[in-house]
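Secondary and tertiary structure notes
Spelled out from the first residue to the last, the chains are:
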Amino acid sequence: MSTFLSWNCRGIRSKLQDLRGFINFFNPVCIGLQETFLSSNISLKLRGYNSVRKDTATGSNHSGGVCILTSNLYPSTPVTLHTSLQAVAVQVHARTLVTVCCVYLPPHDVVSQQDLETLVDQLPTPFILLGDFNGHSTLWGSDVTNSRWRQIERLISNNCVCLLNNDEKTYFHEPTCTFHSLDLAICSPTLLPLLNFIVGRDLCNSDHFPIIVSYADSGGAIQYPPRYPFQRADLGNFMQLADPLRGTSSLDVTGFTTPRYPSV
């Protein structure tokens, strides 16, 4: 039951406990992180996960940095990207072989349409493209638009890919106390009928909610089968209660009273 998570964490070093909470609940195959605020001299180690990163320049005052954490329970391989954009990608074998790409487009950077097209061209299909695009459009639930929405809509149209977002807001702008949709999930057409998209309800000390993409029958978190401690069962008492000829009455697991049978 494969789950992919994306989150603009606004600095991962102070959010490691929150990240572990996501892992414990969702058991994700991949976690795409934006604005990690990491530089090459800072390590990031998380037990059970391998990382592929593109960091900000050492000593830079600018926000940014992206990372994909991939569970070592799933075979994975980094995908080499030739791009100036803040983007990393891996191929991971969850149910099938799928490419997962994490991207961050800073709000004030000038991003060319060609750079976006070239990035998508390098992703082996099928793929899931996750990240903070900083684009406002009514197509994915924003009440306003900005200059980047045309680029993103053109990217979707030119490459015949699919947007998974619904109208749920993904970002909280604290100065104005308003909600917006900046974080997107885009996928190959073959994956569209297989995937669910939901937005988390906890900012976890960031200003972005996590977005969760999962296969349609997984319901987000992995559901493990129930476990029963049979070795602790009182079989003698069970046999007495289960014998209708003894004329006893007890409650079954649904809360209904079992009928009392007359003795013979």
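Rules of the game
Residues numbered from 1 in each chain as written. Predicted model: local features only at pLDDT ≥ 70, side-chain atom pairs only at ≥ 80, totals over all residues. Heavy atoms only, no water. Helix = DSSP H or I, 4+ residues; strand = E, 2+ residues; numbered from the N terminus. Buried < 20%, exposed > 50% of the residue type's maximum accessible area, 1.4 Å probe, protein only. Contact = heavy atoms within 4.5 Å. Areas by Shrake-Rupley, 256 points an atom, 1.4 Å probe, with all protein chains shown as cover. Pairing = 2+ DSSP bridges. Disulfide = S-S within 2.5 Å. Core = buried A, V, L, I, M, F, W, Y, C linked by side-chain atoms within 4.5 Å. pLDDT = per-residue confidence, 0-100. Salt bridge = Lys/Arg side-chain N within 4 Å of Asp/Glu carboxyl O. Lys, Arg positive; Asp, Glu negative; His and termini not counted. Polar contact = N/O pair within 3.5 Å; in protein donor to acceptor, adjacent residues only side chain to side chain. Axes fitted to C-alpha atoms, helices over the stretch in contact; angles between N-to-C directions.

1. Considerations on the overall build of the protein chain
A tally of helices and strands in the protein chain yields four helices and 14 strands. Burial statistics for the protein chain: of 264 residues in total, 48% are counted as buried. Summarising the internal contacts of the protein chain: among those between residues at least 6 apart in sequence, 58% fall at separations of at least 24. Surface exposure of the protein chain reaches about 14300 Å², of which carbon and sulfur atoms provide 55%.

2. Some words on the sheet that holds strand S5 (residues 76–79)
As summarised here, the arrangement of the six strands in space is S5-S6-S7-S8-S12-S9, forming an open sheet in which the pairing is mixed. With one partner strand each, in any of the chains shown, S5 and strand S9 (162–163) form the two edges of the open sheet.

3. A closer look at the state of the cysteines
Tallied over the entire structure, the rule returns zero disulfides. Cys101 takes part in no disulfide bond, and the closest cysteine sulfur, belonging to Cys102, lies 7.1 Å away.

4. Observations regarding the nonpolar core
By size, the foremost hydrophobic cluster in this structure holds 30 residues, and its most contacted members are Phe4, Cys30, Val92, Val100, Ile128, Leu195 and Val213. Put simply, the parts of the chain that give this core at least two residues each are strand S4 (66–71), strand S6 (86–93), strand S7 (97–104), strand S8 (127–132), strand S12 (183–187), strand S13 (195–199) and strand S14 (211–215). A total of four residues in this core trace back to one element, the largest contributor, which is S7. In terms of nonpolar packing, the next biggest core, distinct from the first, is built from 25 residues, Val103, Trp140, Trp149 and Ile156 among them.

5. A word on the confidence of the model for the protein chain
Put simply, the protein chain has an average pLDDT of 86, and 84% of its residues get 70 or more. Ignoring residues within four places in sequence, the model shows residues 219–225, a span with pLDDT below 50, making ten contacts including any to other chains. Counting interchain partners and residues more than four positions distant, the pLDDT-below-50 stretch residues 247–264 has 20 contacts.

6. Points about the pairing of S7
For S7, the buried fraction is high: seven of the eight residues fall into the buried class. Sheet topology places S6 next to S7; eight bridges connect them, and they run antiparallel. Residue pairing across strands places Gln86 opposite Tyr104, the latter belonging to S7. Judged from the six bridges that link them, S7 and S8 form a sheet pairing that is parallel.

7. Regarding unusual backbone geometry
A cis amide bond, omega -5 degrees, links Thr125 with the succeeding residue Pro126. Among the secondary structure elements, Pro126 is positioned in the loop between helix H2 (113–121) and S8. At Arg10, a residue that is not glycine, the phi angle is positive and equals roughly 55 degrees. One can find Arg10 in the loop between strand S1 (3–8) and helix H1 (16–26).

8. Details of the pattern of salt bridges
Applying the stated criterion to the full structure yields four salt bridges. Note that Asp55 and Arg53 form a salt bridge whose closest N and O atoms lie 2.8 Å from each other. On the basis of relative accessible area, Arg53 is assigned to the partly exposed category, the value being 25%. Note that Glu168 is salt-bridged to Arg201, the shortest N-O span being 2.9 Å. One end of the pair, Glu168, is in the loop between S9 and strand S10 (171–173); the other, Arg201, is in the loop between S13 and S14, and 33 residues separate them in sequence. Its relative accessible area of 66% is what places Arg201 among the exposed residues. Connected through shared salt-bridge partners, Arg10, Glu35 and Asp207 make up one network.

9. Quick notes on the environment of Pro124
If you trace the backbone, Pro124 turns up in the loop between H2 and S8. Sequence spacing of Pro124 and Ala89 is 35 residues, and the spatial spacing of their C-alpha atoms is 9.9 Å. Dropping the residues within four chain positions of it, Pro124 is found in contact with Val79, Gln91 and Thr99.

10. Regarding the side chain of Lys15
Take Lys15: it is sitting in the loop between S1 and H1. Although Lys15 lies buried, it forms no salt bridge, and the closest oppositely charged side chain, Asp18, sits 6.4 Å away as judged by the N-O distance. Polar side-chain contacts of Lys15 include one of 2.6 Å to the backbone oxygen of Cys9. For Lys15, the contacting residues outside a window of four places in its chain are Trp7, Cys9, Arg10, Cys204, Asn205 and Ser206.

11. Section: the sheet that holds S14
Taken in spatial order, the six strands make up an open sheet running S3-S4-S2-S1-S14-S13, and their pairing is mixed. Both outer strands of the open sheet, strand S3 (49–54) and S13, are each paired with one neighbouring strand and no more. Each strand of the sheet is rotated relative to its neighbour by a mean of 15 degrees, with strand direction disregarded. In this sheet, S4 lies alongside strand S2 (residues 30–34) in antiparallel orientation, the contact comprising five bridges. Each bridged residue has a counterpart across the sheet, and for Gly32 the counterpart in S4 is Ile68. In the packing of H1 onto the sheet, contacts are made with S1, S2, S3, S4 and S14, and the angle to S1 comes to roughly 160 degrees.

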